[in-house]
Amino acid sequence: MQAGLQRPCSWPAIEPVTSHSTYEILESGMVLMKNYISLMDQAEIVNICHKLGVGPGGFCQPTYNSGHKSQLQRMCFGRNWDPETRYKERYRSDGSEPPPVPEEFIPLVETTIQDAQAHINSNVEIPSMSPDVCLVNFYTSTSRLGLHQDRDESSNRLRRGLPVVSISIGDSAEFLYGFTHTTDECNSRKVLLESGDALIFGGKSRLVFHGVKTILPNTAPLSLLQKTMLRPGRLSLTFRQF
Ligand SMILES: O=C(O)CCC(=O)C(=O)O
Ligand SMILES: [Fe+2]
């Protein structure tokens, strides 16, 4: 954590490890923080997601109106999001409601944004936010996520460019991104997201098209697998303020 960015000590401690991390500015408002979350904290995040994932409102495989099932397992925190109804339905079809965003995650996300802002020396390019929604995705080695924009949050927050903060845990992923509505796999840029990386996209990059092309099997840190019940695959958490 950067000097001067101390949080009240009553907050539960999931703290990013900035000493070993490196920062890459991908675009205005889009920063990749490599090796940002310590293995211990990754394990804690996995354990929290595991505990909530097996309860009511936990992991499920979203279904499209066509009957097609999504290739992912997904769980929402804070607000129910569904590929068909977006944020409109408070309850899932099984009657469950999503758990709130776990309180351990909120200072982690806020600090991540502060560190990104400190790195680019601007809180205009990436505004601050406090997450009240999170989508948790679990990808197996064959899962993919097509190119899309995250644009279902409230228009006020989108207009202000409040960032999405994405955290990757487990197997690495090839993540695609691009800025035109014609963005496809051929003309998008590609970046590797590894366990412990945080990616922020806000400001001018808030509506970037993005998706997950490939999961690279057997790339999760061994010690993470030993410390947790994480199955082979990738867990991603994308935090937003609705
Ligand atoms: O898994 C990821 O890194 C991206 C997830 C994502 O784009 C989403 O949930 O909207
Ligand atoms: Fe997304």
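Residues numbered from 1 in each chain as written. Chains lettered and ligands numbered in written order. Predicted model: local features only at pLDDT ≥ 70, side-chain atom pairs only at ≥ 80, totals over all residues. Heavy atoms only, no water.

Trainee: How should the site of ligand 1 be read in this particular structure?
Mentor: Near ligand 1, the surroundings consist of Asn137, Tyr139, Leu145, His148, Asp150, Phe175, His210, Val212, Arg234, Ser236, Thr238 and Arg240. Note that an oxygen atom of ligand 1 is positioned 2.8 Å from one of the side-chain N or O atoms of Arg234. Contact distances for ligand 1 include 2.7 Å between an oxygen atom and a side-chain N or O atom of Ser236. Relative to its unbound accessible surface of 290 Å², ligand 1 loses 97% to contact with the protein. (Near = heavy atom within 4 Å. Polar contact = N/O pair within 3.5 Å; in protein donor to acceptor, adjacent residues only side chain to side chain. Areas by Shrake-Rupley, 256 points an atom, 1.4 Å probe, with all protein chains shown as cover.)

Trainee: What should I look at first to understand the pairing of strand β4 (residues 133-139) in this one?
Mentor: If a strand is regular, its side chains alternate between the two faces of the sheet. The buried fraction of β4 is high, at 7 of 7 residues. Side chains Val133, Leu135, Asn137 and Tyr139 project from β4 onto one buried face, and the interleaved Cys134, Val136 and Phe138 project onto a second face that is buried too. In this structure, strand β3 (residues 73-77) lies alongside β4, joined through 5 bridges in antiparallel fashion. Across the sheet, the residue bridging to Phe77 is Cys134, located in β4. (Buried < 20%, exposed > 50% of the residue type's maximum accessible area, 1.4 Å probe, protein only. Helix = DSSP H or I, 4+ residues; strand = E, 2+ residues; numbered from the N terminus. Pairing = 2+ DSSP bridges.)

Trainee: Please clarify how the coordination of the iron ion (ligand 2) should be interpreted in this entry.
Mentor: Tetrahedral coordination by four donors puts the ideal angle at the metal at 109.5 degrees, and octahedral coordination by six puts it at 90 or 180 degrees. For the iron ion (ligand 2), the full set of protein donor atoms is His148 (NE2), Asp150 (OD) and His210 (NE2), at a range of 2.1 to 2.2 Å. Exposure remark for His148: the relative accessible area of 23% places this residue in the partly exposed category. (Donors = N, O, S within 2.8 Å, 3.2 Å for Na, K, Ca; no water.)

Trainee: What is the right way to look at the pairing of strand β2 (residues 30-34) in this model?
Mentor: Of all 5 residues in β2, 5 are buried; the element is thus mostly enclosed. Alternating positions in β2 separate into two faces, Met30, Leu32 and Lys34 on one and Val31 and Met33 on the other, with burial throughout. Relative to β2, strand β1 (residues 22-27) runs antiparallel, the two being bridged by 5 bridges. For Tyr23, the partnering residue across the bridge sits in β2 and is Met33. Hairpin connection between β1 and β2: a loop of 2 residues separates the two successive antiparallel strands, and Gly29 in this loop has a positive phi of roughly 85 degrees. Alignment of β2 against strand β9 (residues 198-201), held across 4 bridges, turns out to be antiparallel. Note on β9: the bridge partner recorded for Met30 is Phe201.

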